[in-house]
Amino acid sequence: MNNLLTSACLEAIFKGDHVQAPILQLLACKKMNAAPSGKTIDRYRLLLSDGVNSCTAMLATQLNQMVESGDLDVKAAMRLKNYSCNPIANDRRVIVVLDLEVVKKGGEIGVTLGNPSPISATGQTSRPAGGPAAPQAQPQPTNQQPLGARPTNYGNAAFNLYRDLVSGNVQSMPNRNQGGSFYSQANGASSTSSPNKKVQPISSLTPYQNRWTIKVRVTNKTAIRQWSNARGEGKLFSMDLLDQSGEIRCTAFNQTVDKFYDLMEIGKVYFLSRGSLKPANRQYTSINNEYELTLNNDTAIEPCVEEDVSIPSVQFDFKSIGTLEDTPEDSMIDVIGVCKSVSDVSSVTIKSSNREVSKRALQLVDDSQKEVSLTLWGKEAEEFDGTGSPVIAVKGARLSSFGGRSLSVLQSSIFQVNPDIPRAHHLKGWYDSEGYSQESQSISSKQGGGGGGSGTNWMNFHDVHAQNLGQGEKPDYFTVKGTVLFVRKENCMYTACPSAECNKKVSENGDGSYRCEKCARDYPNFKYRLLLSVNLADATDNQWVTCFQETAEQLLGISAQELGSLRDQGEPMEKDFNRIFRDACFNSYMFRMRIKMETYNEEARLKCTCMNATPLNVKDYTKKLLDDIRHMATA
């Protein structure tokens with residue numbers, strides 16, 4: 001039965017040779033409970049034997065089930081289908097078992113095969129130079145034997161390494177070798193730019209290694225973000241790194257931001273060595289990796305001189321729009337679809353920072369004949385052009401229950417227009433040939449939004465009043481085709497703080513300066529902001545609504561500053577001022593509305609606010625009316 005094992009393969013593996021599918025015996029197994037970042041992860045330490053030598057190893061977490069189910073038991077012979085032998089400190093190495101199959105169960109074997117002698121973490125055996133150790137009787141290890149105890153007949157060096165691995169104290173092992181840093185040691189790893197440098201795949205990285213090099217492509221890089229909390233202030237940025245084996249999220253903080261931000265370019269390939277690994281927070285990333293990487297002061301990054309076409313650009317895991325209703329809320333997903341329609345840019349104020357941010361809503365449709373609202377923010381919202389129904393692919397969009405099901409592009413998301421991938425070509429061909437004329441069902445059409453896009457929760461003003469919308473704890477949202485009947489000129493604008501992040505009203509000090517109480521500052525000037533009261537009507541009823549800056553400027557066709565300048569010039573420009581309000585009347589738009597009962601001075605009043613106004617698209621509106629007629633005819 002001794003011939004069952006791949007004899008003396010461990011020594012070859014520790015010397016850097018790759019032994020194809022070696023068969024080893026499991027002598028002991030111990031579960032270690034680590035709790036990085038407060039999250040418990042089960043890890044298993046193994047003691048492996050090739051019949052001649054034995055060594056410690058680690059089991060990849062995806063194989064934990066084999067131990068827990070009893071498929072992998074002590075004394076079992078197993079074939080390593082995939083493994084890595086990684087440096088952990090100085091010249092020390094540890095085998096990580098990534099995939100295996102059980103050749104023969106431990107219960108069938110029952111004994112230790114051969115007479116294994118421990119091999120040190122540097123690959124040195126503890127046998128005397130004169131030849132193999134003489135056979136001797138010794139207690140057989142069992143799965144009840146505590147791994148913290150010293151195994152019988154194992155050398156001190158192996159036991160010390162074994163003890164350190166069990167305790168997780170691998171970085172505290174003494175350096176018994178001469179030499180300097182990782183890049184200056186005389187073991188061949190002299191520089192990350194070396195064309196012969198050994199690299200390992202992303203999928204093999206674990207927190208129990210501290211010497212490794214990966215060769216990766218940067219697929220995404222966020223802007224530098226400032227943060228502040230009770231512990232202090234700082235800055236950070238994140239990257240998505242990719243190789244043939246998978247992806248990993250990488251984050252840099254404070255000094256490492258200054259060191260690496262300008263170096264890293266999207267699409268380029270780099271050698272990256274050293275860094276800290278911890279369990280990934282899946283709330284902020286859709287990357288399929290149980291770990292995320294943090295750069296530190298020891299991290300070394302060097303560009304790859306030659307382009308490596310074997311490393312892909314971006315890996316998507318698309319979900320069909322038709323499956324999003326059954327996908328958990330707040331999931332991070334990859335989605336692709338044709339941009340069927342797009343709203344105009346609007347603006348919202350972030351409550352936490354009182355900062356205005358641009359937003360735009362897209363309606364995406366795919367061949368499941370379902371459509372979903374996707375919201376763009378900031379610069380992407382301002383620059384997006386939906387002409388020609390482009391195909392949109394997003395990696396890492398957040399799925400919310402706002403308005404049924406809707407998607408939002410985050411700072412960490414990858415947003416691509418007409419990507420050169422097979423799925424995009426298929427969807428474009430489908431939409432151009434038949435999809436444009438097919439009816440699609442929106443999964444973002446319930447009360448609550450859809451991101452402000454048109455065509456969601458259609459109502460008329462009569463139904464709004466009849467259904468008592470806005471009476472609940474949360475506001476209601478609806479879309480209506482309305483016509484402007486009247487715009488009040490009185491109190492249509494106010495003087496506001498000139499700060500870009502503050503829109504509060506200012507008061508005049510009397511000396512030509514203006515005081516903002518929110519900012520607690522005096523300013524030499526101010527800016528105008530519009531606050532219009534507008535009466536809208538459709539064929540069933542009318543409604544007074546409030547329009548803020550961007551929507552008000554769109555209805556009036558003039559900026560707040562220009563309108564304020566006309567008013568300040570008094571009687572000479574009074575006719576032009578009045579003409580602006582006359583010309584705004586009797587124009588029709590698609591209005592996205594928010595309605596909510598609010599209390600002012602202990603008096604409850606129903607307030608209807610215009611979220612955005614889109615010029616009437618006759619083609620789309622006619623299609624909507626035809627759909628309504630068909631629905632009523634078949635009801």
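Just above sits the structure.
All of these numbers come straight from a predicted model, not from anything done at the bench.

> A description of the sheet that holds strand 24 (residues 476–487) should follow, citing residues and the corresponding values.
Strand pairing in a sheet is mediated by backbone hydrogen bonds. Such pairs are either parallel or antiparallel. Spatially, the 5 strands close up into a barrel ordered 24-30-31-33-32, and their pairing is mixed. Averaged over all neighbouring strand pairs, the angle between strand axes comes to 55 degrees, with direction disregarded. Two elements, strand 24 and strand 32 (residues 588–600), share 8 bridges in a ladder whose sense is antiparallel. Along strand 32, the bridge assignment pairs Val480 with Phe591. Against the sheet, helix 9 (residues 549–556) makes contact with strand 24, strand 30 (532–537), strand 31 (542–547), strand 32 and strand 33 (603–615), and its axis sits at roughly 60 degrees relative to strand 33, the strand it touches most.

> Describe the pattern of salt bridges, listing the residues and the values that go with them.
For the structure shown, the criterion picks out 18 salt bridges. Put simply, Lys278 and Glu292 hold a salt bridge, and the shortest N to O gap is 3.7 Å. Highlighted residues: Lys278 in strand 12 (residues 276–279) and Glu292 in strand 13 (residues 291–294), separated in sequence by 14 residues. Between Arg594 and Glu598 there is a salt bridge whose closest N-O contact spans 3.8 Å.

> Describe the environment of Asp298, listing the residues and the values that go with them.
Checked against the element boundaries, Asp298 lands in the loop between strand 13 and strand 14 (300–303). Given a relative accessible area of 54%, Asp298 falls into the exposed group. A sequence separation of 24 residues divides Asp298 from Arg274, and the C-alpha atoms of the two residues are 6.4 Å apart. Sequence-distant contacts of Asp298, that is, excluding residues within four places in its chain, are made with Ser273 and Arg274.

> Which residues make up a nonpolar patch on the surface, and what values go with them?
Taken together, Leu485, Phe486, Trp544 and Phe586 make up a surface patch of nonpolar side chains, about 430 Å² in accessible area. As for its placement among the helices and strands, Leu485 is situated in strand 24. For Leu485, a relative accessible area of 33% puts it in the partly exposed group.

> Now, about the packing of aromatic side chains: what can you tell me, with residues and values included?
Taken as a whole and judged by the stated rule, the model has 10 aromatic pairs. Ring centres of Phe316 and Phe318 lie 4.7 Å apart, and the angle between their planes is 15 degrees; on these two criteria the pair is classed as stacked. Summarising the aromatic geometry, the rings of Phe486 and Trp544 are spaced 6.4 Å apart at their centres and angled 85 degrees between planes, so their arrangement reads as edge-to-face. Pair noted here: Phe486 is in strand 24 and Trp544 is in strand 31, with a separation of 58 residues, a long-range link. Overall, Phe486 belongs to the partly exposed group, its relative accessible area being 44%. Judged by relative accessible area, Trp544 falls into the partly exposed class, the value being 36%. Within the aromatic cluster, the residues linked to one another by ring pairs are Tyr514, Phe526 and Tyr528. Above the face of the Trp544 ring, Arg488 is positioned so that its terminal group lies 4.2 Å from the ring centre.

> Please set out the sheet that holds strand 28 (residues 521–523) residue by residue, giving values where relevant.
Strand order in the open sheet made by the 3 strands is 26-27-28, with antiparallel pairing throughout. Lying at the two open borders of the sheet, with one neighbouring strand each, are strand 26 (507–508) and strand 28. Of the strand pairs in this sheet, strand 27 (residues 514–516) and strand 28 are connected by 3 bridges, and their pairing is antiparallel. In the sheet register, Cys516 faces strand 28, and the bridge partner there is Arg521.

Rules used throughout
- Sequence order as written defines the numbering, with residues in each chain counted from 1.
- At least 70 in pLDDT is required for a residue's local features to be given in this predicted model, at least 80 for side-chain atom pairs to be given and counted, and no such filter applies to totals for whole chains, interfaces and linings, which use all residues.
- By convention in this description, side-chain values take in all heavy atoms of the structure and omit both hydrogens and water.
- Strands are treated as partners if at least two bridges between them are detected by DSSP.
- Each helix is a run of DSSP H or I of at least 4 residues and each strand a run of E of at least 2, with the numbering of both proceeding from the N terminus.
- Convention adopted: a line fitted to C-alpha atoms gives each axis, helices being fitted over their contacting stretch, and angles between N-to-C directions are expressed from 0 to 180 degrees.
- The contact definition used throughout considers only heavy atoms, calling two residues in contact when any of these lie within 4.5 Å.
- Should a side-chain nitrogen of Lys or Arg be within 4 Å of a carboxyl oxygen of Asp or Glu, the pair is scored as a salt bridge.
- Summary of the burial criterion: residues with accessible area below 20% of their type's maximum are buried, those above 50% are exposed, and those between are partly exposed, where the area comes from a 1.4 Å probe applied to protein chains only.
- Patch membership is restricted to residues that have no salt bridge and whose relative accessible area is over 30%. Joining uses 9 Å for like charges and 5 Å for the nonpolar side chains Val, Leu, Ile, Met, Phe, Trp and Tyr.
- Residue exposure ignores everything except the shown protein chains as possible cover, and the areas themselves are Shrake-Rupley values with a 1.4 Å probe.
- Stacked, tilted and edge-to-face are the three classes applied to pairs of Phe, Tyr and Trp rings, where Trp contributes its six-membered ring and a pair requires centres within 6.5 Å; stacked means planes under 30 degrees apart, edge-to-face means over 60, and tilted covers the rest.
- Working rule: Lys NZ or Arg CZ, within 6 Å of ring centre, within 35 degrees of ring normal, means a charge sits over the ring.

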